[in-house]
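What the coordinates show
So the chains spell out like this:
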Amino acid sequence: MKHLILYPLMGLALCTGCTANLPGEDGTSLHLLSVTLPDDEGTTKAAVSTISDVNVYLTKSDGSDYEAGKSFMKFSNKSGSWTPDHEVELTAASGSAKVYGCYPADNTITNDGVMPKISVTLLDSDDFSGTGQSDYLYATTSKGTTVAEASSTARGVNLQMNHALAKISFRVSKASGVTEKMTLTAIDIVSRNSRLLKGDGTMLLNDGTLNAPQTDSLHLKGSIELAVSQTAANVNCLAAPMKGAEPSLSFSLHVKVGDVERVFTTAPVSASVHWEKGKQYTYAIQINKMSGTLTDVSINTWQTDASPNTSIGI
């Protein structure tokens, strides 16, 4: 199921080749017409499935603030219309404005004169549902990958929000010959070349690029009783895209077999791994009493159904 949140202005008319104000665009200030969410399905509790506030920052074409002291704005959806916390006048003298947007709306946008950005925190530990990690989103035009623009003759903009993070899922099961109760209590994602990111950093608002310290592992914890047949992902988290390809990514699973605590480490994924923003990576792992085996890998657009349908060799 797709979660598409679109708040159109009532009675919006399509007009080709005209410069007259659209309904709801009276005046001289910036108007936010709609905010569309990415094609995520909210499997992790951290993933956004609705949005009522979005932060916006306006710059001139040279990267400087469009209006000193007023370029940072917050829009809130009220009764189907997006309302700003203050007005910014768009004038012919100031030229067109680049309209940068982001979510969550509790992050303040700053501008160094080159590119607006926000501060982010990338967790190195989370639960099996990914409830701790914020789902950072950045905005582009509604039908493209470029930053939206507005001007004195076209003051209305539509924003498409995009994931800056990747979604990492696991489908963990026990082998058919295992009769003992197996309980998964933790998964360590291990990158021997430290391609993972953690800690405090920044997100650039033109394309969602994340910058933060590198680390060699991410830790997920919880408690799941494993079944022989597992058709959907039972562990999900959000993680930063990798800065480069990781040729030696592996997973260590902490499992309680009966009353005995054991750690099963898979062989590295055979192909180099390079997580990208907005994509979902699902790893199928089967556990027997002696080892953990990586049986399948799938890469898809971010979605609810984490069962593999596009497999790559391992």
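Above this note sits the structure.
Values in this document were obtained by computation on a predicted structure and should not be read as measured data.

1. Focus: the overall build of the protein chain
On a plain count of helices and strands, the protein chain comes out with zero helices and 24 strands. Within the protein chain, the fraction of its 314 residues that count as buried is 47%. Put simply, of all contacts in the protein chain between residues at least 6 apart along the chain, 69% involve residues at least 24 apart. Carbon together with sulfur atoms contributes 50% to the accessible area of the protein chain, which is approximately 14000 Å² in total.

2. Some remarks on the nonpolar core
Counting 35 residues, the largest nonpolar core has Ile 168, Phe 170, Ile 189, Phe 251, Trp 275 and Tyr 283 as its most contacted members. A total of five residues in this core trace back to one element, the largest contributor, which is strand S20 (residues 249-257). In this structure Phe 251 touches Phe 170, Asp 188, Ile 189, Phe 264, Thr 265, Thr 266, Val 269, Tyr 283, Ile 285 and Leu 294, once residues within four positions along its chain are discounted. Counting residues in each nonpolar core, the second largest holds 24 residues, with Val 56, Trp 82, Leu 90 and Leu 159 among its members.

3. Structural notes on the sheet that holds strand S7 (residues 116-122)
Hydrogen bonds along the backbone pair up the strands of a sheet, which may run parallel or antiparallel. Spatially, four strands are ordered S6-S7-S15-S16 in an open sheet, and the strand pairing comes out antiparallel. Of all strands in the sheet, those with a lone pairing partner are strand S6 (110-111) and strand S16 (210-211), marking the two edges. Relative to S16, strand S15 (residues 199-204) runs antiparallel, the two sharing two bridges. Counterpart to Met 203 in the pairing with S16 is Leu 210.

4. Regarding the sheet that holds strand S13 (residues 182-191)
The mixed open sheet is built from five strands, whose spatial order is S8-S18-S13-S20-S21. Of all the strands in the sheet, the pair left with one neighbour each is strand S8 (125-127) and strand S21 (260-265). Geometrically, the sheet is characterised by an average inter-axis angle of 15° between neighbouring strands, direction not taken into account. In the sheet, S20 pairs with S21 via six bridges, with the strands oriented antiparallel. If you follow Lys 256 over to S21, its bridge partner there is Glu 261.

5. Section: the pattern of salt bridges
Side chains that differ in sign of charge can pair as their charged atoms come close. For the structure on display, the rule yields six salt bridges. Here Lys 70 makes a salt bridge to Glu 67, at a shortest N to O gap of 3.9 Å. Relative accessible area serves as the criterion here: at 30%, Lys 70 is assigned to the partly exposed category. Looking at Glu 67, the relative accessible area reads 27%, which means it is partly exposed. Close ionic contact of Asp 124 with Lys 198 constitutes a salt bridge, the shortest N to O distance being 3.9 Å. Of this pair, Asp 124 sits in the loop between S7 and S8 while Lys 198 sits in the loop between strand S14 (196-197) and S15, and the two are 74 residues apart along the sequence. Using a relative accessible area of 38% as the deciding quantity, one classes Asp 124 as partly exposed. The exposure class of Lys 198 is partly exposed, given its relative accessible area of 29%.

Conventions and cut-offs
Residues numbered from 1 in each chain as written. Predicted model: local features only at pLDDT ≥ 70, side-chain atom pairs only at ≥ 80, totals over all residues. Heavy atoms only, no water. Helix = DSSP H or I, 4+ residues; strand = E, 2+ residues; numbered from the N terminus. Buried < 20%, exposed > 50% of the residue type's maximum accessible area, 1.4 Å probe, protein only. Contact = heavy atoms within 4.5 Å. Areas by Shrake-Rupley, 256 points an atom, 1.4 Å probe, with all protein chains shown as cover. Core = buried A, V, L, I, M, F, W, Y, C linked by side-chain atoms within 4.5 Å. Pairing = 2+ DSSP bridges. Axes fitted to C-alpha atoms, helices over the stretch in contact; angles between N-to-C directions. Salt bridge = Lys/Arg side-chain N within 4 Å of Asp/Glu carboxyl O.

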